[in-house]
Protein chains: 2
Amino acid sequence: MNNPFFSPKGVAVIGASQDAHKLGYGVIRNLLQYRYKGEIYPVNKSAYEIQGLTCFESVEKVPDPVDLAIIIVPANAVAGVLEECGERGIKYVIIVTGGFSETGPEGKKMEEELIEVAGRYDIRMVGPNCIGTIDTHTPVNTTFVVGMPEPGEIGFISHSGAMVAAIIDWAEGSGIGFSRIASLGNQIDVNEIEMTKTIAKDPKTKVITAYIEGVSNGLEFMETAIEAALKKPFLMLKGGHGESGAKAVASHTGALAGSSEAYHAAFKHCGIQEAHTVEEMFEWARAMAWQPLPKGKRVAVLTNAGGPAILAVDALEQAGLEIARLTQKTKDYLTSRLPKAASVNNPVDVLAGSGPATYTLALEALLTDEHVDAVVVIQAPQDWFLPVSLAEVVGEVAGAHQKPVITSIMGRASVGDALKILQKRRIPNVAFPERSASVLSAMIARREWLESDKAPESVNIEINLKTASDAVAQKDWTELLKLYGVRFPQQRIASTLSEAIDEASKINGGVAMKLVSDEVSHKSDIGGVKLNLKGETAIRKAWEEIAEGTVKAGAGMKGVLLQEMISSAREVIVGMVRDEQFGATVLFGTGGTDVELIKDVHTAIAPKNREQVQRLINATKAGVKLKGWRNLPPGDSEALTGVILALSKIAYDFPEITELEINPLCVLPKGEGVYALDVRGDMNRKF
Amino acid sequence: MNNPFFSPKGVAVIGASQDAHKLGYGVIRNLLQYRYKGEIYPVNKSAYEIQGLTCFESVEKVPDPVDLAIIIVPANAVAGVLEECGERGIKYVIIVTGGFSETGPEGKKMEEELIEVAGRYDIRMVGPNCIGTIDTHTPVNTTFVVGMPEPGEIGFISHSGAMVAAIIDWAEGSGIGFSRIASLGNQIDVNEIEMTKTIAKDPKTKVITAYIEGVSNGLEFMETAIEAALKKPFLMLKGGHGESGAKAVASHTGALAGSSEAYHAAFKHCGIQEAHTVEEMFEWARAMAWQPLPKGKRVAVLTNAGGPAILAVDALEQAGLEIARLTQKTKDYLTSRLPKAASVNNPVDVLAGSGPATYTLALEALLTDEHVDAVVVIQAPQDWFLPVSLAEVVGEVAGAHQKPVITSIMGRASVGDALKILQKRRIPNVAFPERSASVLSAMIARREWLESDKAPESVNIEINLKTASDAVAQKDWTELLKLYGVRFPQQRIASTLSEAIDEASKINGGVAMKLVSDEVSHKSDIGGVKLNLKGETAIRKAWEEIAEGTVKAGAGMKGVLLQEMISSAREVIVGMVRDEQFGATVLFGTGGTDVELIKDVHTAIAPKNREQVQRLINATKAGVKLKGWRNLPPGDSEALTGVILALSKIAYDFPEITELEINPLCVLPKGEGVYALDVRGDMNRKF
């Protein structure tokens, strides 16, 4: 289907200019210079002709065909112009003009006017405060930014126009080609969600990349993203993860923040892969656009020099990839073909004197080896043959196999021609071989996500919602969790010391005493938790110490909770946190009092099935330990999974609960279940 | 002093060639083309003239001045040629020829012959199997590799000739200039230690960089490195950290491996900073050569666009830097000078319409602000002014202050001229702003190391060495540690069950029972540790279970150790490991049975004073917890430091001990000391 933002039949440029220093000049120049083949109509009251094109007094005078308008008039004139577009029957508009909501409430008001006008005429808008759109295949470049990216298969969506400009400038001559680029600005209409859908549908786009600073609607974004990522790799650079960054984003876009953990969780959930730097994102994108995904993690390194191969191998191992063990057949073959002193173990070193023919034979052998999933081909600068020859043979051999090949024809000055051939042959090249590791591991992560079961059966928990609602109303989190099947140790409440002594005597074995107070959320911080108490003296002493600690903390003491001691070498934390943007998230990790220190807590979008829970558990060290660690037998994963699903279900059943946390949850050996030792919750928290 | 490897008066090229495909051609070409001003003497029996130079029949015929020979004859002819050099009185020789020890024992034998000849004539050798040396200031390029680096202030030492070739090719046009480069090859004479000394002494070199695959002698290397690093930043890329990488190094250079942890510890000890990639190393090097070190961690970001600034701020925070809080004075000033909609909080956004003058005023204000230690200046591509103008003003303003400035004039295609000006003005530029974070944090690490007390008073522990020797001879690690002042819980050995019952009754409170067996090193793995036993029944049951576990593990049981139970929320591991290369190292971190899972163990060169111990402790999470964590009071750091120093002293006193580990060591609250609960050791282990 024709989308006038990327393939318009005719474009009116309202605010076109003869002055080369004006944006309205740049837009016309780009339409002309970058070979837009449709009609171009400059609109400017005071000019007859702009850059050789007939100029129109107003948009209403513009003849057919015209289906897109680019508006670059002062902010206070935009609404009027938009109205004229409506009258003229133009349904797609890019508003380049800035000075709207990003400058304050007055600008915000003007945006509301634009929305009103657009609504009346059924106009779709990109912007305002954006630099527009590019489609290299149409081709059309609606921006005023100098430069047109090479045609390619990477789509790029950006909340920042500056990032678009910088990336176009940077990509020139790098072999990184684009299909479509969209700068969204204040996105009062078309936002990152809709643009993701548009780019995902574009047949010329093989990989979606994005720089975003927030999402317009977390749940809707996730729904769109997962659908897009199922079709195409979806790579992301998210701005504003840190504290100051988030602040800067807030003042920049005013988007709903959402927590950093929730963003990471949401991206992971949707198969979006987060890059750390701009260069990394596009290095991944290029490799995914050009090469098949590896079937496994076993990488072979083919080189003409030792040092660079060592750096590659170090980086590959560091990134969790495996150095392939070649089959005897491959080694025998290589022994028969390579120089005597060559290394036929992986890394395969053909030595400095070998040329493209030797590389050809070795690469063919490696790609044929069933123990090899991917090959990194390194060429250190040499004087015997032209790097272009290597580029040609590597391209040809790689093209005949279904395994990814990444080259590192090292250097810069002497390798320009070779890089052009690699680009034509669709072989990604990295300037230094250690950078191949990040690319290959991103490709493997993509394959693993695609292969993961994304829609296994949801687990249902039968529950009496009425009783549960009562527990919620009373903030009785323990009762609520019990209703969802979570087990607690035997326990009693005591509000006086004598009651405590009496109740403790009814509990078998050692007793834990915990402060009950409305004002204290981390009890152990103020000495409000005493463990393994036996006998009256111990109970008395513990009570007194807790009372003293509570007074010191300036809090009130309602009494104590007496619990059966559960001793377990395995304490985990499980929790539910409702995110401003992405709704219910669930966290899991190593628990106890060191949670913040150990930092082994991972967050996921609240899971609906066992497979999702398993992935969350597996991402943590607590998960490793759960499988049995040293002399510790495997823990009861089954029961743990049940608790995580229960928290998740509670999150969906009671949207008013904003936080619910069990820490510690004691995981006993397989078959013996889990015990929740302490619970805290929060409701209707303001974001 | 004149060093003929870098500033020869005359160079004989033995094996010079007329054939452009031969190395002996390339060497002559480079000497000529890269403007070596001394005498060049091609030596080749069968030519009269090579590239316009008179050719000599043999090196003995070469006239004065000649103080360096480059040898490129077949391997089996090198010894003879070296002998001739000796006769001619040439004391410095670069042997380019390969085919020596790297190919096997025969080659090794030929190397020994070279060493013998060189010894007789007092000849110093670089190589064999290397590509030689470069000095851009002399200038001289003794290699056969196409390209000559730009003159600059970075020295580069490499075990890999291919890395040298690749880096020369890559650095061309990047603004990264070199002073001296040395490829060391098989280094049968001049090795990385001597070369470090040479480069450290070179007045033209401001930063030392190195790619090494191992060190020739760990202790000597450290001594040299620390001296070099005190004078100049010393940056390192170490090849062969991973398992496969180490194997590849072994087959590549045959160097003594040394453990990865020990390398990291040794580098840290010496102030060597390890980079992850080639690009990172040279980005750091350039910044350190050009800019002053920041006095603190507070960074200001100055930008003309929001998105790129957000990426910078995210990366800076991630790297542990702080986003400076500007003074009110600075904010007031900026408010008065910047456009109305500009942001005067950090990041300072001058907005897209601002030009070099606005940048000038803002940068001057930021560099004057006493809350700012460094500034990152971002320019997203724009159309209003030439990037060169920004480069000029930033260079000029930065030059007037003693704070580091890093620019990110973003892009590639449009910024070439600006980058040349920045290079002249000594302002490092990164293509995308997020990369400034790694550069600034490396600079801060350098400053912190320089400021750290490197020679505080050593701590001495008075000890009866005779008694200690007896304990070592009997492998009685507990006794040994007690002699060095380490405290153990009350404990008794029992070899029968009835003995165990009897001895346990003499210990106050709960008892821990631990297997005594020569064959089991991780007792708890086979159920050989039982805790908190009280009364005869518990002792009996524990004995039986331990006996059963030992039988199952196929080991012999000598008896059990009965220990007073020490309960502590803080279990750490401390240990000593003797490294093949770097000698005694000491480790510290979170202990208990989860050591390998939690991975909180750091290694340091065995410390001799409290400051070094403190740095080791501070590098770990266990160290954070030691200062008091949640309700846990601060631990007895004093006593812990004593134990670490004791282990270190033992390491120096008894070189035959290869490993000694206390895990867990229980750290009680401040003033209450520490208890070693379990010890294991090893002697005379073969590396």
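Residues numbered from 1 in each chain as written. Chains lettered and ligands numbered in written order. Predicted model: local features only at pLDDT ≥ 70, side-chain atom pairs only at ≥ 80, totals over all residues. Heavy atoms only, no water.

Along its length, chain A carries 23 helices and 29 strands. Dimensions of chain A, computed from C-alpha atoms along their principal axes, come out at roughly 95 × 80 × 45 Å. Considering chain A as a whole, with its 687 residues, one finds that 58% of them fall into the buried category. Across chain A, the fraction of contacts at a sequence separation of at least 24, relative to all contacts at a separation of at least 6, is 71%. When the accessible surface of chain A is totalled, it reaches about 27400 Å², and 51% of it is carbon and sulfur. (Helix = DSSP H or I, 4+ residues; strand = E, 2+ residues; numbered from the N terminus. Buried < 20%, exposed > 50% of the residue type's maximum accessible area, 1.4 Å probe, protein only. Contact = heavy atoms within 4.5 Å. Areas by Shrake-Rupley, 256 points an atom, 1.4 Å probe, with all protein chains shown as cover.)

Turning our eyes to something else, we now look at the domain arrangement of chain A. A common way to express how large an interface is: the accessible area buried when the components associate. Residue and element names in this part refer to chain A. Domain annotation for chain A reports domain 1 (1–129), domain 2 (149–291), domain 3 (292–427), domain 4 (490–564) and domain 5 (570–683). Distance between the C-alpha centres of domain 4 and domain 5: 26 Å. Of the residues lining the interface, six residues belong to domain 4; the matching set on domain 5 comes to six residues. Summing the contributions of domain 4 and of domain 5, the shared interface buries around 500 Å²; its carbon and sulfur component is 34%. (Domains from an automatic or database assignment. Buried area = accessible area lost by both parts, 1.4 Å probe.)

At the junction of Asp64 of chain A and Pro65 of chain A, the peptide bond is cis and its omega measures out at -10° in the coordinates. Residue position: Pro65 of chain A is located in the loop between strand S4 (53–54) and strand S5 (68–71). Thr138 of chain A connects to Pro139 of chain A through a cis peptide bond whose omega is -15°. Mapping Pro139 of chain A onto the fold places it in the loop between strand S8 (132–135) and strand S9 (140–141). Not every positive phi belongs to a glycine, and Lys599 of chain B is a case in point at roughly 55°. Along the chain, Lys599 of chain B turns up in the loop between helix H20 (595–598) and strand S26 (602–605). The class of Lys599 of chain B is exposed, set by a relative accessible area of 65%.

This part takes up the sheet that holds strand S23 (residues 559–564) of chain B. Residues and elements named next belong to chain B. The strand order across the open sheet built from four strands is S20-S23-S21-S22, with neighbouring strands paired in antiparallel fashion. Of all strands in the sheet, those with a lone pairing partner are strand S20 (491–494) and strand S22 (529–533), marking the two edges. For this sheet, the mean inter-axis angle between neighbouring strands, taken without regard to orientation, is 20°. Of the pairings in the sheet, the one linking strand S21 (residues 511–516) to S23 comprises six bridges and is antiparallel in character. Pairing of Ala512 across the sheet is with Gln563, part of S23. Docked against the sheet, helix H18 (residues 497–504) engages S20, S21 and S23, running at close to 165° with respect to S20. (Pairing = 2+ DSSP bridges. Axes fitted to C-alpha atoms, helices over the stretch in contact; angles between N-to-C directions.)

A word on empty space enclosed by the protein. All names here are of chain A. According to the stated counting rule, one finds one cavity of 30 Å³ or more in the structure shown. What the largest cavity holds in volume is close to 30 Å³. Counting residues per element, the ones that place at least two in the lining of the largest cavity are helix H5 (192–201), strand S12 (207–212) and strand S13 (234–238). (1 Å grid on protein atoms, 1.4 Å probe; cavity = no way out; pocket = protein on both sides within 12 Å on 5 of 7 lines; lining within 4 Å. Points joined across faces, edges and corners; volume = space filled by probe spheres on them.)

Let us now look at the packing of helix H2 (residues 75–88) of chain B against helix H3 (residues 105–121) of chain B. What describes two packed helices is the angle between their axes and the distance between those same axes. All names here are of chain B. Where H2 meets H3, the closest approach of the two axes is 9 Å, and the angle between their N-to-C directions is 0°. With respect to H3, the axis of H2 lies roughly parallel. Contact residues: H2 offers Ala75, Asn76, Val78, Ala79, Leu82, Glu83, Gly86 and Glu87, while H3 offers Met110, Glu113, Leu114, Val117, Ala118, Arg120 and Tyr121. Tallied by class, the residues present in the contact of H2 with H3 amount to nine nonpolar, two polar and four charged. (Parallel < 35°, antiparallel > 145°, perpendicular 65-115°, else oblique. Nonpolar A, V, L, I, M, F, W, Y, C, P; charged D, E, K, R; others polar.)

This brings us to the pairing of strand S1 (residues 10–14) of chain A. Residues and elements named next belong to chain A. For S1, the tally of buried residues reaches five of five residues, placing the bulk of the element in the interior. On S1, burial covers both faces: Gly10, Ala12 and Ile14 on one face and Val11 and Val13 on the other are all buried. For S1 and strand S2 (residues 39–43), the ladder comprises five bridges, and the chain directions are parallel. Across the sheet, Ala12 pairs through a bridge with Tyr41, a residue of S2. With helix H1 (residues 23–33) bridging S1 and the parallel S2, this β-α-β connection has right-handed handedness. Where S1 meets S5, four bridges bridge the pair, whose relative direction is parallel. Directly across from Ile14, in S5, lies its bridge partner Ile71. (Right-handed = clockwise from strand over helix to strand, strands pointing away.)

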